[in-house]
Amino acid sequence: MELYIHIPFCRRKCRYCDFASYAGREGHIPAYVDQVIAEAALRAAELGPQPVETVYLGGGTPSLLPPAELQRLLQGVFRFFPPENGAEFTSEANPGTLTPAWLETASALGLNRLSLGMQAAQPELLALLGRIHTPEQVALSVRLAREAGIENLSLDLMFGLPGQTLPQWRETLRAALGLGPRHLSCYGLIPEEGTPLKADLDAGRLSLPEEETERAMYDEALTLLASEGFAQYEISNFARPGFACRHNLGYWRRVPYLGLGASAASFLLLAGRETRQTNPPGLAAYADTAARGEPRETETIRPEDARFETMMLGLRLNEGVSEADFLRRHGVPLDSVYGEKLRDQAARGLVEKAGDAWRLTRRGMDIQNSVLVELMDG
Ligand code: SF4
């Protein structure tokens, strides 16, 4: 099992962000830490305490936790769900908030991987996104992480931003590579309803690059990162050999995970049935329900939905969906459920067979949603 802990605090809300994170609520951190520890104890009573293969602190901004609260949180949760020997332990961090004290505390508690939100190399694009940091602070955070002994660094980058040009994206990729990460995530901007950035786009105050430019940006990432020794292992993720994110690979391969904290989702085998559970996103709602052991939103996944999830998540991966794995997991041959549709999509150059696995082609990646909708209809 994998473990995810959500830290829903941010210093300021980025203009494109619709994640469960709250600005200016740092005063709630001690109470929130108590609640997450209480939730861990309740979950251990339900599921049995057990070691976990990976730990992921996500947010929000985990690097906003004062070191003493970070220590209290991790010691409290690890009493029930300790990382097993050799576990990957990642935290997300925002360059404007990372301190040597936080890094030393996290490292002493086993943190061995850091994912930094760099996003862009240009101050004007960072300002447009409402990020709180400068490009210099990204470089400083990388240096501080290395000084704390954390060498396994990942950088998040964004393309398809309003006003962003192809040369600027190239400059961002080169700047990121210059910092020597072992892993890079490159996400195309998706303007989310209800965010200030989406309001600016809708009102015509900002505009997105042409689709063709956005595609060229993605191609640039594929080409440049491959030439620098980064293998693409998922639509948006690239790693040096041996440094793919084990925790996220677990999501895509449908490994069970326990999510603690506001808005956190869990995917568990309960009484032999695949079950998804979701905590409420608001701080007050979380305190009133999940942290007190009230029933959380629970969905038992029907076999046909489980099969589709295997395709939906597995096709994001370059390794694709293996027929042998599919049969082992679902008890029916992949070919009997999706074979006809996949062969039709292969004839149109959208998917291909590699060994015993089906995977998206480069063209299929561009229109992965349509590929999946067709499979769903099947
Ligand atoms: S730092 Fe991350 S979680 Fe926080 S507001 Fe920005 S994008 Fe959202």
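Nothing here was measured: the structure is a model prediction, and the numbers come from that model. (Residues numbered from 1 in each chain as written. Predicted model: local features only at pLDDT ≥ 70, side-chain atom pairs only at ≥ 80, totals over all residues.)

**What about the overall build of the protein?**
At step 1: Assigned secondary structure in the protein consists of 15 helices and 17 strands.
At step 2: Over its C-alpha trace the protein gives a radius of gyration of 21 Å, about what one expects of a compact globule, namely 21 Å for 378 residues.
At step 3: Its C-alpha atoms give the protein principal-axis dimensions of about 60 × 55 × 40 Å. (Helix = DSSP H or I, 4+ residues; strand = E, 2+ residues; numbered from the N terminus. Rg over C-alpha atoms; globule rule 2.2 N^0.38 Å.)

**A closer look at the site of the ligand**
At step 1: Residues in close proximity to the ligand include C10, K13, C14, C17, F19, S21, G59, G60, T61, N94 and G117, which together make up its full environment.
At step 2: A per-class count over the shell around the ligand returns 4 nonpolar, 6 polar and 1 charged. (Near = placed C-beta within 6 Å. Nonpolar A, V, L, I, M, F, W, Y, C, P; charged D, E, K, R; others polar.)

**Let's talk about the domain arrangement of the protein**
At step 1: Partitioning the protein into domains gives domain 1 (2–250) and domain 2 (303–378).
At step 2: One C-alpha centre belongs to domain 1, the other to domain 2; they are set 29 Å apart.
At step 3: Listed per partner, the contact involves 5 residues of domain 1 and 6 residues of domain 2. (Domains from an automatic or database assignment. Contact = placed C-beta atoms within 7 Å.)

**Things to note about helix α3 (residues 100–108)**
At step 1: Buried within α3 are the following residues: W102, L103, T105 and A106. Projection of α3 onto a plane perpendicular to its axis shows the buried side chains occupying an angular sector of 165°, all on one side.
At step 2: Among the structural elements, α2 (67–78), β5 (83–93) and α5 (135–147) are those in contact with the buried residues of α3.
At step 3: After α3 finishes, the residue G110 shows a positive phi value of roughly 110°. (Buried ≥ 20, exposed ≤ 12 C-beta atoms within 10 Å, placed from the backbone. Arc of directions from axis to C-beta.)

**Describing the sheet that holds strand β15 (residues 321–322)**
At step 1: If you trace the 3 strands from one edge of the open sheet to the other, you get β15-β17-β16, paired in antiparallel fashion. Pairing within the sheet leaves two strands with one partner each, and these edge strands are β15 and β16 (351–354).
At step 2: Sheet contacts for helix α13 (residues 334–347): β15, β16 and β17 (357–360); angle to β16, the most-contacted strand, approximately 120°. (Pairing = 2+ DSSP bridges. Axes fitted to C-alpha atoms, helices over the stretch in contact; angles between N-to-C directions.)

**Things to note about the environment of A106**
At step 1: As for its position among the elements, A106 is in helix α3.
At step 2: Since 27 C-beta atoms lie within 10 Å of it, A106 is described here as buried.
At step 3: Spatially, the C-alpha atom of A106 lies 38 Å from that of D366, the residues being 260 residues apart in sequence.

**A look at the nonpolar core**
At step 1: L3, I5, V36, L73, V77, L157 and L184 are the most contacted members of the largest nonpolar core, which totals 71 residues.
At step 2: With residues up to four places along the chain from it excluded, the contact list for L3 reads V52, V55, F81, Y257 and L258.
At step 3: The next biggest cluster of nonpolar side chains, apart from the first, holds 13 residues, and it includes L315, Y338, L342 and V371. (Core = buried A, V, L, I, M, F, W, Y, C linked by C-beta atoms within 7 Å.)

**Here's the deal with the pairing of β16**
At step 1: Where β16 meets β17, 4 bridges bridge the pair, whose relative direction is antiparallel. From the neighbouring strand, V351 faces β17, where its bridge partner is L360.
At step 2: Taken together, β16 and the strand that follows it, β17, pair antiparallel across an intervening segment of 2 residues, in which G355 is found at a positive phi of about 65°.

**Regarding the pairing of strand β11 (residues 257–260)**
At step 1: Neither face of β11 is open: one carries Y257 and G259, the other L258 and L260, and all of them are buried.
At step 2: Two elements, strand β1 (residues 2–7) and β11, share 4 bridges in a ladder whose sense is parallel. Note that in β11 the partner of I5 across the bridge is L260.

**Structural notes on unusual backbone geometry**
At step 1: Across the junction of G59 and G60, the peptide omega takes the value 10°, indicating a cis bond.
At step 2: Along the chain, the position of G60 falls in the loop between β4 (52–59) and α2.
At step 3: One non-glycine residue, R254, lies in positive phi territory at about 60°.

**A closer look at the packing of helix α6 (residues 166–178) against helix α8 (residues 211–227)**
At step 1: Interhelical geometry of α6 versus α8 gives an angle of 30° and a closest axis separation of 10 Å. Here α6 lies roughly parallel to α8, going by the angle between them. Handedness of the α6/α8 crossing: right-handed. Where α6 approaches α8, its residues L166, W169, R170 and L173 are matched on the opposing element by T213, A216, M217, E220, A221 and L224.
At step 2: Across the contact of α6 with α8, the residue classes tally to 7 nonpolar, 1 polar and 2 charged. (Parallel < 35°, antiparallel > 145°, perpendicular 65-115°, else oblique. Left-handed = near helix turned anticlockwise from the far one by under 90°.)

**Here we look at helix α1 (residues 29–47)**
At step 1: An ideal rise of 1.5 Å per residue puts 27 Å on 19 residues; α1 measures up with 26 Å between its terminal C-alpha atoms.
At step 2: Three or more residues of α1 are buried, namely Y32, V33, Q35, V36, I37, E39, A40 and R43.
At step 3: Where the residues of α1 are buried, they touch β1, α2, β11 and α10 (283–288). (Expected span 1.5 Å × (residues − 1).)

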